[in-house]
Amino acid sequence: QVQLVESGGGLVQAGGSLRLSCTASGRTFSSYSMGWFRQAPGKEREFVAVVSRTGDSKYYADSVRGRFTVSRDNAKNTVYLQVNSLKPEDTAVYYCAAAGGAGWLFRSTHEYDYWGQGTQVTVSS
């Protein structure tokens, strides 16, 4: 069992930045690929970014590539999402998730085994 807790969300003006964190319980954090998703009101949860178990491989949704950066620190059981150049359309609840399957490039919600409770990011224009 893995428990995930996100933090770092908040209210920010367009063009601003935030650093989201997701800390996992347990000793097997490095066994999971870690993903970030977001869900805006009335919309489906969408993929944002994923990082491999070692942190060497990363992939981003087209909508955030070049503005967001995913990273992880396995010694701290934490994955990060640095979000820069924020736009009002980035407003959503951001979730981290852990995937234990073979491979690392997981972009669908059903591929993830554990989810955090989410952290709200609101971008004002």
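Structure first, text after, so check above.
Residues numbered from 1 in each chain as written. Predicted model: local features only at pLDDT ≥ 70, side-chain atom pairs only at ≥ 80, totals over all residues. Heavy atoms only, no water.

Account for the nonpolar core, with residues named and values stated.
Generally speaking, nonpolar side chains in soluble globular proteins are found buried as a group. Of all hydrophobic cores here, the largest spans 38 residues; its most connected members are Leu4, Met34, Trp36, Leu81 and Tyr94. Broken down by secondary-structure element, the contributors of at least two residues to this core are strand 3 (18-24), strand 4 (33-39), strand 5 (46-51), strand 7 (68-73), strand 8 (78-83), strand 9 (92-99) and strand 11 (119-124). In terms of residue count, the dominant contributor to this core is strand 9 (six residues). Setting aside anything within four residues of it in sequence, one finds tyrosine 94 in contact with Glu6, Leu20, Trp36, Phe37, Arg38, Val48, Phe68, Leu81, Gly118, Thr119 and Val121. (Core = buried A, V, L, I, M, F, W, Y, C linked by side-chain atoms within 4.5 Å. Buried < 20%, exposed > 50% of the residue type's maximum accessible area, 1.4 Å probe, protein only. Helix = DSSP H or I, 4+ residues; strand = E, 2+ residues; numbered from the N terminus. Contact = heavy atoms within 4.5 Å.)

Before we move on, can you summarise the sheet that holds strand 1 (residues 4-7) with the specific residues and values?
Here we have four strands laid out as an open sheet, ordered 1-3-8-7, and antiparallel in their pairing. The sheet terminates laterally at strand 1 and strand 7, the two strands that pair on one side only. Averaged over all pairs of adjacent strands, the angle between their axes in this sheet comes to 15°, without regard to strand direction. Judged from the four bridges that link them, strand 1 and strand 3 form a sheet pairing that is antiparallel. In the sheet register, glutamate 6 faces strand 3, and the bridge partner there is cysteine 22. (Pairing = 2+ DSSP bridges. Axes fitted to C-alpha atoms, helices over the stretch in contact; angles between N-to-C directions.)

Run through the pattern of salt bridges, naming residues and quoting values.
According to the stated counting rule, one finds four salt bridges in the structure shown. Put simply, arginine 65 and aspartate 62 hold a salt bridge, and the shortest N to O gap is 2.5 Å. By relative accessible area, aspartate 62 is classed as exposed at 64%. Aspartate 90 serves as the salt-bridge partner of arginine 67, at 2.7 Å between the closest nitrogen and oxygen. With arginine 67 in the loop between strand 6 (58-60) and strand 7 and aspartate 90 in the loop between strand 8 and strand 9, this residue pair connects regions lying 23 residues apart in the sequence. When salt bridges with common partners are traced through the structure, they connect Arg38, Glu46, Arg67 and Asp90 into a single cluster. (Salt bridge = Lys/Arg side-chain N within 4 Å of Asp/Glu carboxyl O.)

Keep in mind that these numbers describe shape and distance, not what the molecule does.
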